[in-house]
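# Remarks on the overall topology
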Amino acid sequence: MSATVQPLAIASGALIRAASLSWLALRQALWRIPMLLVITLVTFLILRGVPIDPVNMLMPPNASAQEIAELSHQLGLDRPVLVQYLMWLRGALSGDFGISIQTGQPVLPMVLQALPMTLQILFFGLLSGLAMGLGSGMLAFRARGSVLEPAIMSINGVMMAIPDYLWAIALIVTLGVGLQWLPFIGPIDPGLQVPNITGFLLLDCLLQGDLVAFGSALAHLFLPSLTLGLCIATPIARVLHSSLIEVYQEDYLQAARLRGLDENTLLVRHALRNAALPTISLIGVQASVVIGGTLLIETIFGLPGIGALMIRALGSFDLQTIQLLALTYAITVQLVNMLSDFTLRTLNPRLRIAP
Amino acid sequence: MNLSSLAFSPVAEQFLAEPEWLLEADGLSVVGGPAEAPSAVLSDLSFRLAAGRTLGLVGESGAGKSMIGRVLARQLPAGFRVGGGQLRFAGEDLLSLPAERHRQSLGSRIAFIPQEPMGALNPVLTIGRQLIEHLQRLGTPAAACRERAIELLEQVCLPRPATLLGHYPFELSGGMCQRVMIAMAFAGRPQLVVSDEATTALDVSSQAHIVRLLRELQEQYATAVLFVTHDMGLATHACDDVLVLYAGQIMESGPAKSLFRRTLHPYTRALREAIPALEGPLLPLRALAGQMPGVESFAQIKGCRFAGRCEQATQVCHDGVAPLESVGPQHQVRCWNLAAASERQAQPEATAHEPGRAMSAQQSLVAKGLSKTWPGRRQGFRRAPGVAALKPLDLSIAPGEFIGIVGESGSGKSTLARLIMGLERQSTGVISLNGEMLGDSRDDWTRRIASIQMIFQDATAALNPRWRIGRLLTQSMLSQPRLHSERQARAAELAADVGLAASTLKRYPSQLSGGQRQRVNIGRSLCDTPQILVADEIVSGLDVSVQAQVMNLLLELRRQHKISLLLISHDLGVVRYLCSRVLVLHQGELVEQGETERVLAHPQHPYTRALIAAVPSLDPDAQWPPAAFPQMDVTP
Amino acid sequence: MTALSVSLGRRTLARPGLLFGAGFLLLLTLLALAAPWLAPHDPNEQDLLNVLLPPLWATGGSLDYPLGTDALGQCVLSRLLYGARVVVIIMAIAPLGAALIGCLLALLGGYFGGWLDWLVERFVDLWLSFPAVLLALILMVALSPGVQNVILAIVFVDWARFCRVLRAEVLLLRRRSYVAASRIGGAGALGIIWRDILPGLLPTLIVLMAMEFSIAVVAESVLSFAGMSAAPQVPTWGGMIADGMGSLYSSPYPLLLPVFCMILTVLAATFLGQGLREAVDVRLLERAGAA
């Protein structure tokens, strides 16, 4: 367009921008709700295929056929699948997610109790992953032209290939069993007792003023977080490195250099912000992979998070627990996605205009 | 003040230390390729530029004209280096200046105006932040930065500078972005400004404003300007002195006006004769055969690099490089056969040229009330009102008639082309072909593509890179039950028709030059001998000499096959040369139409007048840009 | 297309990573095929008198069990060889299935657009926003254990990755003017897809397939690590790793050996993928005109 900016738009540009930004954010947040619903529906449908009759597992082995039929009716299992799903949904909306066949207890409190542990791992994993990834990506870029750059990037490539649970085992074998530097089983030393206040172990230790327990909990969290961090860091380093290289070929960087800006200012003020965009959207895309990673990591390190809970539930066909956990995972992924979307919008003015 | 800024005579050597020369190049060369067999992309370049003057570097793509700016910026592309010579800036040796000192002088003493203004501004920072960052680097106190930024934007005639500071580059048009870049360039009152094709990416009407702005600021600050351009007409008016480069060698140099009044070098003259004029008698263009040699073959050329394409070349031209010889006040030419050259100058050929007129009173294609509206964006449950890309217009084409559609980007001219071709569905209106209505049916589509064919804008993008030329040329026969031999025969025929060597049939598009690719593009559209060709900006990306080749080819095809042409172009000269009738589009609306000569001579609509005024005149004595010139690229 | 394949071959040979990757995977396939002849023992034969034997080179190793035994006295070498069969089968079939479904949906959505495209895009969004491991695990709970079900689960989970990338590519290719040129040259939708779109898609498809090798191997190992892969009597590397974790303190070998095999295989698959990616770099091809 030989496009001229409308005078009106210039005058009220800021106002319109702010309005469209919040409208956009709201619309994107609302769009996630039907997605979550469809995820629960898909899970529900898949779980109907489980070759084991849930009623049989609830009833004592000597139950009569009539008793079984009664329970089936009571649970709605004789109704069409879609009706069953709607029944589950109605219960879910009122906070009733059913009863676990492992414990006979309601599922929701069980999951809520396990969730903080997973969130702790996720938080520290993301933090360490970001630090390591950004660090090595920048290092490789600053070392461009020297042998260090291809060296860092090939090591990074090899590390990226190794799946998370193998990292966990490798770290346990070397740092845990081999060097005995760090503990690797359980959330905290067996002898220590910390009352459950917030559910977040580290926070609870601090609230109690128990620094010994805090140290122990932190040490126990180190290897799992490092494992997760390594899996996040490698793709970040790669994308940051390549997008920095790309940004440095852009006209605006050349133009800024021709205005006499020094290399440090170029990197920090002009290149990093642009190169961060693909990196952050990568984190959004990778969110589901990262969160899926906690599943095995918790199991391997013996941490009582929702991943360990999930593996147990899967092993014992605890359908209600699986169903709620699937929803929990989906929500967590959506939250991380929202966070990365928000950051992207803050950094990239183009996204603030409705797509 | 020295009257001329150019002096090559040995006598001038003694003035080397004279401070009035701001920029002096002496035997400067830039070489690339392997160290044992370097090839000079810029060889033995000497010039002098004084404060307040503009030196134009004119040449086609590949001439090496951008290299000088890159040497100044120390940003030579990988693999290239300065091979020898001197470059002095304000008495200092620029080539041996310490890196830090050199960086310090960038932006403050030497400023650059880029080719692509939209890309040259950081997309995630506001205009204000980028301006203020630059001002702070220049040492403006932080408190005064905002004031000064507003002042600068006012100086380049941008409306509402205070609000503009809060905008991002993508919210501005190309012309506005270029004004911001100019504001930044002049912020530090530099001694030298390098403008590398600063107007090429802009619409014609912006071009005139940018050039005038540059001139005004230059006068105000007595800045020297290095003006790199491929456009001879523009150079005539925008520059005081001109260097004409060909394949890295200076062919001719001198004061712009006198040089263009009396061009001596065969290349310069060919270049001038290849530019279609907007006024004066319509003469046939003399297209220069062949193309400029590539950098990789420079090393093998012993003599004049133009010799391969020169009509007057003799053995001596191939054996050695001629020296630059003075032929008038500051006017120098590098040619062995100057005598022969001046001789030809005396007797210009004057056969009148005829653009494509209708060859029959019948109309082969008639469109009535044709329009296109893009559906608006969905906003919740509502839809924003649609965007009218093209407002209803009528159009008819007769056999052999060449019609030009003129307008700037966003005027709807490409939309019209796609509607006629049927690549887009019209919102309203009907098209009839040879008296029968064109509908949506499969039969109508078959009829349409048999009679109408399109030549696409970008030949590189329009040719499947994985196919050989032979297959590309006869692409439309792929979906017909034809024998392989038949296709091969047709491919050879088409290649001959569009002037391609038979050997190219086995090649891939990437192995051809831009001009050759455009020929394939044209040849392909001729495969089923259509009645009407729709051509979208098909010469705009080509060098002038190649552009003339392609235009003459189109006229030749018209003589042979009586084809009609619907030519979409922003270049009025091209339209005048080819088309007997012209339609002017502005923001999706047909504002003027009629006989090309009449419209150009007596434009009625102000937009047409502005378009015509924006084209640099080929007459060195004409006043350009005209004094009173409506500002169209910036909304007040 | 011959020019493409010839140059592809030439560029393949010039890359050591690619050669290592392809060579190792070929060797693995041969070993897996020859497992019944190479394995010294039945993989499920338990020798409870000889549990946790170290491998040949460590003190106490015996020639009878070249790579030692696990906690149940099963021959580690035999189990590794038989486990390789699962790896090879998955690697051969799962990427093919995922590519087929992903490519088909990408073409349908990307080329024809409209509501179909909307639907495909929403499903891809949905699939990619749910942890793949989890989806596969849930699916394996619903299906019964077995190699064919593992393949099914991987295809069911990973088609979306193919679809996302390929659809974007189709959208890009469809807007090229050479596709419009084919249209006005009289080609129909199928002709354009076959002659213009698919050849343009091929480099990306090859790269995605190659990357899917390593993804499929990892996915299978994760499933078997969680005990939800092949039938219990079929030895898998993931299962061996999980078993090895239990006897980590007594003997690290039953854990380290399958981990080592796993890492080598994943690296080989990754090198193959990266090498192919560089060899068929789309931009390079465009520039060289497939020459």
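Residues numbered from 1 in each chain as written. Chains lettered and ligands numbered in written order. Predicted model: local features only at pLDDT ≥ 70, side-chain atom pairs only at ≥ 80, totals over all residues. Heavy atoms only, no water.

## Thoughts on the overall build of chain C
Each helix and strand in chain C was counted, giving twelve helices and zero strands. The linear arrangement of helices and strands in chain C, starting from the amino end, is α-α-α-α-α-α-α-α-α-α-α-α. Here the C-alpha coordinates of chain C stretch approximately 80 × 45 × 30 Å along the principal axes. When burial is assessed residue by residue, chain C has 57% of its 291 residues classed as buried. Considering only contacts within chain C whose residues lie at least 6 apart along the sequence, 72% involve residues at least 24 apart. Carbon together with sulfur atoms contributes 71% to the accessible area of chain C, which is approximately 12100 Å² in total. Here chain C contributes 17 positively and 17 negatively charged side chains, and the mean placements of these two sets differ by 17 Å. (Helix = DSSP H or I, 4+ residues; strand = E, 2+ residues; numbered from the N terminus. Buried < 20%, exposed > 50% of the residue type's maximum accessible area, 1.4 Å probe, protein only. Contact = heavy atoms within 4.5 Å. Areas by Shrake-Rupley, 256 points an atom, 1.4 Å probe, with all protein chains shown as cover. Lys, Arg positive; Asp, Glu negative; His and termini not counted. Charge placed at Lys NZ, Arg CZ, Asp CG, Glu CD.)

## Thoughts on the packing of helix α4 (residues 76-112) of chain C against helix α11 (residues 253-279) of chain C
All names here are of chain C. Across the interface, α4 lies against α11 with an axial gap of 11 Å and an inter-helix angle of 30 degrees. If you check the angle between α4 and α11, you find them roughly parallel. Where α4 crosses over α11, the two elements pack in a sense that is right-handed. Seen from α4, the contacting residues are Val-76, Leu-80, Val-87 and Met-91; seen from α11, they are Leu-257, Pro-258, Cys-261 and Thr-265. Along the lines of polarity and charge, the residues of the contact of α4 with α11 split into seven nonpolar, one polar and no charged. (Axes fitted to C-alpha atoms, helices over the stretch in contact; angles between N-to-C directions. Parallel < 35°, antiparallel > 145°, perpendicular 65-115°, else oblique. Left-handed = near helix turned anticlockwise from the far one by under 90°. Nonpolar A, V, L, I, M, F, W, Y, C, P; charged D, E, K, R; others polar.)

## Describing the packing of aromatic side chains
Enumeration according to the criterion identifies 18 aromatic pairs over all chains in this entry. Both rings, one in A:Phe141 and one in A:Tyr248, keep their centres 4.9 Å apart while their planes meet at 55 degrees; by these two values the pair is tilted. Within this pair, whereas A:Phe141 is found in helix α6 (residues 107-142), its partner A:Tyr248 is found in the loop between α10 (211-247) and α11 (251-258), the two being separated by 107 residues in sequence. Of the residues examined, A:Tyr248 reaches a relative accessible area of 13% and is grouped as buried. Here the aromatic rings of C:Phe20 and C:Phe24 are separated by 6.1 Å at their centres, their planes lie at 40 degrees, and the arrangement is tilted. Of this pair, C:Phe20 and C:Phe24 are both found in helix α2 (residues 16-33), four residues apart, which corresponds to roughly one turn of the helix. (Phe/Tyr/Trp six-rings, centres within 6.5 Å; stacked < 30°, edge-to-face > 60°.)

## Notes on helix α9 (residues 189-225) of chain C
Residue and element names in this part refer to chain C. Over its 37 residues, α9 runs only 46 Å from end to end, short of the ideal 54 Å by more than 12%, given 1.5 Å per residue. The element α9 is extensively covered by neighbouring structure, given that 26 of its 37 residues are classed as buried. Of the residues flanking the end of α9, it is Gly-227, one or two places downstream, whose phi is positive at about 75 degrees. (Expected span 1.5 Å × (residues − 1).)

## What to know about helix α12 (residues 263-301) of chain A
Residues and elements named next belong to chain A. Helix length check: α12 (39 residues) gives 45 Å between terminal C-alpha atoms against 57 Å at 1.5 Å per residue, more than 12% under. Within α12, the axis deviates most sharply at Gln-286, by approximately 50 degrees. Trailing α12 by a residue or two, Gly-302 shows a phi angle of about 65 degrees, which is positive. (Bend = angle between axes of the 7 residues up to and from the residue.)

## Considerations on the domain arrangement of chain A
All names here are of chain A. The domain boundaries assigned to chain A delineate domain 1 (31-96) and domain 2 (113-353). Using C-alpha coordinates to define each centre, domain 1 is positioned 36 Å away from domain 2. Each side of the interface is counted separately: domain 1 has 13 residues, and domain 2 has 14 residues. Of the roughly 1300 Å² buried where domain 1 meets domain 2, counting both sides, 73% is carbon and sulfur surface. Interface area lost by domain 1 to domain 2 is led by Arg-32, Leu-36 and Leu-47, which between them contribute 43%. There are one salt bridge connecting domain 1 and domain 2. A salt bridge links Asp-341 to Arg-32, with the shortest nitrogen-to-oxygen separation between them at 2.9 Å. Counting every contact that joins domain 1 to domain 2 gives three residue pairs in polar contact (both at pLDDT 80 or more). Sorting the residues of the side of domain 1 that touches domain 2 by element identifies α2 (13-48) and α3 (54-58) as the ones contributing at least two each. (Domains from an automatic or database assignment. Buried area = accessible area lost by both parts, 1.4 Å probe. Salt bridge = Lys/Arg side-chain N within 4 Å of Asp/Glu carboxyl O. Polar contact = N/O pair within 3.5 Å; in protein donor to acceptor, adjacent residues only side chain to side chain.)

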